[in-house]
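Here is what each chain is made of, one letter per residue.
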Amino acid sequence: MKITRIGRVSAVALVGALALSACGSDDNSTGSGDSTGSTSAGGTGAGAAGGDAGCGTKAITAEGSTAQDNAIQEAISGFESVCADQKVTYNATGSGDGIKKFIAGQVSFAGSDSALKSTDGKTEAQDAAKACGSPAWNIPMVTGPISIAYNLKGVDKLTLTPALLADIFQGKITTWNDPQIVAVNKGVTLPATPIKPFFRSDESGTTENFTKYLKGSAAAKWAAEPAKKWAGKGEGKAKTAGVASAVKGTEGGITYAEWGAAKDNKLGIAQIDNGAGAVELTGESAGKAIAAAKVDGQGNDLKLKLNYATKEAGTYPIVLVTYEIVCSKYKDAQTAKGVKAFLNHFASADAQKKIEEIGYAPLPDEIRSKVSTAINAIQ
Amino acid sequence: MSSVTGVSVTDETPDSDGRDPLPGDNASTGRLGDRLFGGAARGAGIVVVALVTLIGVFLLVQAVPSLADNHENFLTSQKWDVSDADNLGFGIARLLWVTVISSVLAMLIAVPLGVCIALFITHYAPRVLAKPAAILVDLLAAVPSIVYGLWGAIVVGQYFEPVQSFFIAALGWIPLFEDTGASAASTIAFVSVVLAIMILPIVTALSREVFAQTPTAHKEAALALGATKWEMIRTAVLPFGRPGVISAAMLGLGRALGETIAVMFIVSSLPDGAPWSWSIFNGGETFASKIANNAGEFDSPSKTGAYISAGLVLFVLTFVVNAIARIVIERRKAFTE
């Protein structure tokens, strides 16, 4: 009896110890990143655009938008070969969470699907500036085209216009062979399948950017104000993965989703006709929309304003720009150094080229030079 | 006189005067072990009460400011508009309905099934089969809910279409089975089936334990009076196990009410302004799935408060359900011996 009891106690103690030690090691990897590396690794920054940005040694943590997650993970793995002694971790929890953590000073920079807001009773920009002790900047870094993904057997090529999209996503056009759709798809046989639109049930930057596009290009048909919360009709599914797999499993389904998700699920991707002919979604056609964007912020705060109604030939108009939100002057010089080194790598031509392969559009050179000026101005 | 538990029947039931059961003399020897154990047990009891109270207080404190600013009727409104802090309008009518109906449906499926499995394991299955069957059912409890969610959404959902079409065709005139055009793999009815599978192990394991405890004397008496096996189960095993089965059902219901991820993955949420429908072949959101789905975008205290007030309702709902179960069990107790 005694023996078994002792055995039991020691088993509990063992499990406890294991659990505790697991916690302990976890903490070490994410928390204090005092890696034992030397500081002399700066010279190897081949991908760094600005030149003066050496590698830091302080671990950088960032959090935010899920839309840029794949891109930033790709950049992080590339960054390891540039600055081996600097760890960067990005936690994709959502733009709102990222900004909250940034304001609370828990992360070095935040990823967000929209620039910091300072109007309509929102005080994100002011709060962030207070947390930094200096103005916070929005730096556009990853631009992702939003694809209109559909699942329709036997239809490989589908063209849609802003007005059609607005009607489909408001449940006004309900079958695929509706005369209005047929009219812009000459030579394509469309089945009489009911259209099942899916939307993001969580509040999402993708929804906000897609509705911005609908409002910007078909204001007569789409009355609702752009918002993170869906204002049209259809069935709601959680996150990008949810809408993409719902469309995959539903004949006649259609949704808006990041390009990468549509590609991964092998869904049909509609061409968009903004008035200058159907445009296929490619890195280049989406990049054109970014290149035509106006800078809305002041100085190095690079808020972009897109022209959704663009009629320029060969421009894919539905794009979202995700930002990295940084302090213009960090309280800690080592953090500033690390953030600069990483963002310089991220904005480099190489890194931007790599993310094109996984469903993002590279920053056009014109914007990229502004971005690197801004990054190098971080203190 | 059953002595399975080591307590004689006279100790448990009130006698004809209606006196309480004998409490013992609460004697303590004052030895260290006695005091340590007594203290630890008391401490554990206090901790759990304090925990529940603190959670309740947390929910209240967070929810009250938003509730005060809410300009819709919190209990009856179907709207959920919390993006503008100065113009909050949210109500839980739809969330409450979906939460309750999906859990009730899950119980309707899981409890009879779980009780039957438990009876099979304790009374019908040959010994070699009983043990593995019990372990298999327990294994179901170890599967994480996200796996159930994905499995339901990706694999099983497509086979639910005929079931749904059948019900709509046969019973579509009842509002509960009305056709709303939602795809079959993402309706309340389908998630109820998945929830039922999730709570099955809880119901089965607990029922199995109580059925196995049925005093042999009761069973033998029933058989001696000429009862068939089914009659013996009906007259001896089921009445004895009833409080246990009710407890099991309540534990399961608690899990169904609070299930988050599986619901979030399977059920389609409805867009704003969708018409009210009683149909179980419709989309919707439960309290838990709504909160989880939007947790990433809690960017203002008033918005967080609105969601937390929904959480508060779920908390109260679970509390009420459990209280009712307690009352039912207490009432039944007198008839089981």
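What counts as what
- All chains use their own residue numbering, which begins from 1 and follows the written sequence.
- All chains are assigned letters beginning at A, and all ligands numbers beginning at 1, according to the order in which they are written.
- For this predicted model, a pLDDT threshold of at least 70 governs which residues receive local features, and a threshold of 80 or more governs which side-chain atom pairs are given and counted, while totals over whole chains, interfaces and linings are taken from all residues.
- Side-chain metrics rest on all non-hydrogen atoms present in the structure, leaving aside hydrogens and water.
- UniProt positions are given in the numbering used here, feature names are shortened, and annotations may be inferred rather than shown by experiment.
- Comment: elements are numbered from the N terminus, with helices defined as DSSP H or I runs of at least four residues and strands as E runs of at least two.
- The rule is simple: put a 1 Å grid over the protein atoms alone, call a set of points where a 1.4 Å probe fits but cannot get out a cavity, call an open set with protein on both sides within 12 Å along at least five of seven lines a pocket, and count a residue as lining if it has an atom within 4 Å of a point.
- Grid points are joined across faces, edges and corners, and a volume is the space filled by probe spheres set on the points.
- Charged means Asp, Glu, Lys or Arg here, nonpolar means Ala, Val, Leu, Ile, Met, Phe, Trp, Tyr, Cys or Pro, and polar covers whatever is left, Gly included.
- Salt bridges are defined by distance alone: a side-chain nitrogen of Lys or Arg within 4 Å of a carboxyl oxygen of Asp or Glu.
- When DSSP locates at least two bridges between a pair of strands, those strands are taken to pair.
- By definition, residues are in contact when any of their heavy atoms lie within 4.5 Å.
- We define buried area as the total accessible area lost by two parts upon association, computed with a 1.4 Å probe and summed across both.

Going by the annotation in an unreviewed UniProt entry, the name recorded for chain B is Phosphate transport system permease protein, with Luteipulveratus flavus given as the source organism. Its UniProt record, at the heading Subcellular location (unreviewed entry), says of chain B: "Cell membrane". Check the Sequence similarities (unreviewed entry) section of the UniProt entry for chain B; it says "Belongs to the binding-protein-dependent transport system permease family. CysTW subfamily."

An unreviewed UniProt entry lists chain A under the name Phosphate-binding protein, with Luteipulveratus flavus given as the organism. Recorded in UniProt for chain A, the comment headed Sequence similarities (unreviewed entry) runs: "Belongs to the PstS family."

### Describing the UniProt feature "domain: ABC transmembrane type-1" (unreviewed entry) in chain B
In the numbering used here, UniProt assigns the feature "domain: ABC transmembrane type-1" (unreviewed entry) to residues 96–325 of chain B. As annotated, residues 96–325 of chain B has a helix share of 74% and a strand share of 0%, and its two end C-alpha atoms lie 19 Å apart.

### Structural notes on the layout of surface pockets
One simple way to see leftover space: roll a probe sized like a water molecule over the atoms. Its volume calculated, the second largest pocket comes out at about 640 Å³. If you trace the second largest pocket, you find 28 residues lining it, with Ser-245, Gly-249 and Thr-250 of chain A together with Ala-153 and Ala-185 of chain B closest to the centre. Counting only elements with at least two residues in the lining of the second largest pocket, the list comes to β6 (196–200) and α8 (239–249) of chain A together with α5 (145–156), α6 (161–171) and α10 (261–266) of chain B. With 6 residues, the top contributor of residues to the lining of the second largest pocket is α8 of chain A. Within the lining of the second largest pocket, the residues separate by chemical class into 13 nonpolar, 11 polar and 4 charged.

### With respect to empty space enclosed by the protein
Considering all chains together, one arrives at 6 cavities of 30 Å³ or more under this definition. The volume enclosed by the largest cavity comes to roughly 110 Å³. Every residue lining the largest cavity is counted, 14 residues in all, and those nearest its centre are Thr-66, Gly-94, Asp-202 and Glu-203 of chain A together with Glu-297 of chain B. Residues of the lining of the largest cavity, tallied by class, amount to no nonpolar, 8 polar and 6 charged.

### A short note on the pattern of salt bridges
The full count for this structure, using the stated rule, is 15 salt bridges over all chains. Taken together, the shared-partner salt bridges in this structure form one network comprising Arg-200, Asp-202 and Lys-239 of chain A.

### Notes on the sheet that holds strand β5 (residues 159–160) of chain A
Residues and elements named next belong to chain A. On the basis of which strands lie adjacent, the open sheet formed by 3 strands has the order β5-β10-β11 and mixed pairing. In this open sheet, the two edge strands, each paired with only one partner strand, are β5 and β11 (278–279). Of the strand pairs in this sheet, strand β10 (residues 271–273) and β11 are connected by 2 bridges, and their pairing is antiparallel. When the sheet's bridge partners are listed, Asp-273 is paired in β11 with Ala-278.

### Re the interface of chain B and chain A
If you look at the interface, chain B gives 25 residues, while chain A gives 25 residues. It is Pro-271, Asn-293 and Glu-297 of chain B that lose the most area in chain B upon contact with chain A, and together they represent 27% of the buried surface on that side. Linking chain B with chain A are 1 salt bridge, by the criterion used here. Note that Lys-303 of chain B and Glu-203 of chain A form a salt bridge whose closest N and O atoms lie 2.8 Å from each other.

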